[in-house]
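Chain and residue survey
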Amino acid sequence: MDFGLSQEQQELKRSAREFLTNECATGFVRKMMADKDGMPRELYGEIAKLGWTGLIVPEHFGGSGLGMLDMAVLLEESGYAAMPGPFLFSAMLATSALNQGGSAALKSRWLPALAAGSAIGTLAIIEESDSLAPASLATRARKDGANWLLTGAKMFVPYAHAADVIIVATTTAQGVEFFAVERGAKGVEAQLLQNLDLTRRVCRLALTDVRVAADAHLEGGAKLLDRMIDLGALAIAADSLGGTERALEMAVEYSKMREQFGKPIGSFQALKHAAAEIVADLEPGRALLWYAAYAQDALPAEAPRAAAMAKARLSDVYSRATDRAVLMHGGIGFTWEHDIHLWFKRARFNEACFGSPVYHRERVAQLSGY
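Residues numbered from 1 in each chain as written. Predicted model: local features only at pLDDT ≥ 70, side-chain atom pairs only at ≥ 80, totals over all residues. Heavy atoms only, no water.

1. As for the pairing of strand S1 (residues 121-124)
Definition in use: Exposed residues in this analysis have more than 50% of their type's maximum accessible area, buried residues have under 20%, and partly exposed residues fall in between, with area computed by a 1.4 Å probe over protein chains only. A run of H or I in DSSP counts as a helix once it spans at least four residues, and a run of E counts as a strand once it spans at least two, with each numbered from the N terminus. Paired strands, as defined in this entry, are two strands with at least two bridges between them according to DSSP.
The alternating pattern of S1 places Gly121 and Leu123 on one face and Thr122 and Ala124 on the opposite face, and all of these are buried. Alignment of S1 against strand S4 (residues 165-172), held across 4 bridges, turns out to be parallel. In the sheet register, Ala124 faces S4, and the bridge partner there is Val168.

Set out below in structure tokens:
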């Protein structure tokens, strides 16, 4: 039995690596880091033409109708390049939420636009409590005739300042409910926040009696929340895998070039050990990620636990790998101007995004019956 990628997935991975090498070099990433809103609109338009933004959108809505393993391959490559922009949050998470919980009207309105890259989506769950638990949601949705009124504040919402549609988790008298909110609606305010990882932008989203129509409601409630946590964990794990691979390559390449005492520093045993430890973490993590992505479509009973395991493991692996990579670069690695810090900072963002490793280990224990 072949446990690797299919020929088509290998070609997708190869072509994505080639495209991002040419179009998303570190110079471009730094340019977007310095940009006021951090939105690489031209690049996003190009990846839309390649079909990336519609990869998991059903074919009858203008997408490719592919699976989560295909998306994980792309997210791994975007992590390898430290690609800036909302791709992960729009093409993966907002799209999945709409596809799985949206009404027919909501899907018809947004999925074709998201697939074409003419619209950006994002997901708003976290609040000031910094918890993913349903009981922590303080944003309220209440009935107002045939409509709903939403009031509350969300924290660290990716690209809320640029998104066209924001999928917002709220609490109602019936429990957790999701709604699709247009950024331009009255009462919606997105404020950019300071963030360590400048390859991404996050916002505080304030909602003040925001009126949404009945068909803006997404079905699924708490089950949809769990599903979004699973997919968010999977997406960040894939990004972390790609980033770990890039950090290793940069550290090894520098070790071959830099000389000390007349020898390349890569010949020193301490650096060999550091590189070997990253490899020892990386390869099992790859298998774990691919299985978790496969399970999302083929093994629904296993999917939550597999996603939690992948996120817990690969968040830790990414942070350790970038720590070691910085050390392997020596003094120059500690300067903020060196490119290794693009991945070092991203690793810290990934560690907290969609639940810490500790949170997901606890989740694995609960899902395993402990």
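Here the narrative resumes.
2. Considerations on the layout of surface pockets
Heads up, the rule is: Lining residues are defined by having an atom within 4 Å of a point belonging to a cavity or pocket. Those points lie on a 1 Å grid over the protein atoms alone, cavities being sets where a 1.4 Å probe fits but cannot get out and pockets being open sets with protein on both sides within 12 Å along at least five of seven lines. Grid points are joined across faces, edges and corners, and a volume is the space filled by probe spheres set on the points. Throughout this entry, Asp, Glu, Lys and Arg are counted as charged residues, while Ala, Val, Leu, Ile, Met, Phe, Trp, Tyr, Cys and Pro are counted as nonpolar. The remaining residues, Gly among them, count as polar.
Each pocket or cavity is described by its volume, and for the largest pocket that value is around 530 Å³. Residue lining of the largest pocket: 23 residues in total, with Ile126, Asp130, Ala352, Cys353 and Phe354 positioned closest to the centre. Among the elements of the structure, S1, strand S3 (147-158) and helix H10 (340-352) are those that each provide at least two residues to the lining of the largest pocket. Counted by class, the lining of the largest pocket contains 16 nonpolar, 4 polar and 3 charged residues.

3. Some remarks on helix H2 (residues 26-34)
In an α-helix, one turn spans 3.6 residues; hence positions three or four apart end up facing the same way. Condition: Here the arc refers to the directions that run from the helix axis out to each C-beta atom. By definition, residues are in contact when any of their heavy atoms lie within 4.5 Å.
Residues of H2 that are buried include every one of Thr26, Val29, Met32 and Met33, and no others. The buried residues of H2 occupy an angular sector of 120° when the element is viewed end-on, so they sit on one face. Every exposed residue of H2 that faces more than 90 degrees away from the buried side is listed here: Lys31 and Ala34. Residues of H2 that are buried sit in contact with helix H7 (221-257) and H10.

4. Concerning the packing of H7 against helix H11 (residues 357-367)
How we decide: Where helices are involved, their axes are fitted lines through C-alpha atoms of the stretch in contact, as for all axes, and angles between N-to-C directions lie from 0 to 180°. Each angle is binned into one of four classes, with values under 35 degrees roughly parallel, values over 145 roughly antiparallel, values of 65 to 115 roughly perpendicular, and all other values oblique. Helix crossings are classified by the rotation of the near helix relative to the far one: an anticlockwise turn of less than a right angle makes the crossing left-handed, while a clockwise turn makes it right-handed.
Following both chains from N to C, one finds H7 and H11 inclined at 125°, their axes separated by 13 Å at the closest point. Judged by the inter-axis angle, H7 sits oblique to H11. As H7 runs across H11, the sense of the crossing is left-handed. Residues Asp226, Ile229, Asp230 and Ala233 of H7 touch H11, and the partners they reach there are Tyr359, His360 and Arg363. The residue inventory of the contact of H7 with H11, partitioned by class, reads 3 nonpolar, 1 polar and 3 charged.

Everything listed is a geometric property; what it means functionally is a separate question.
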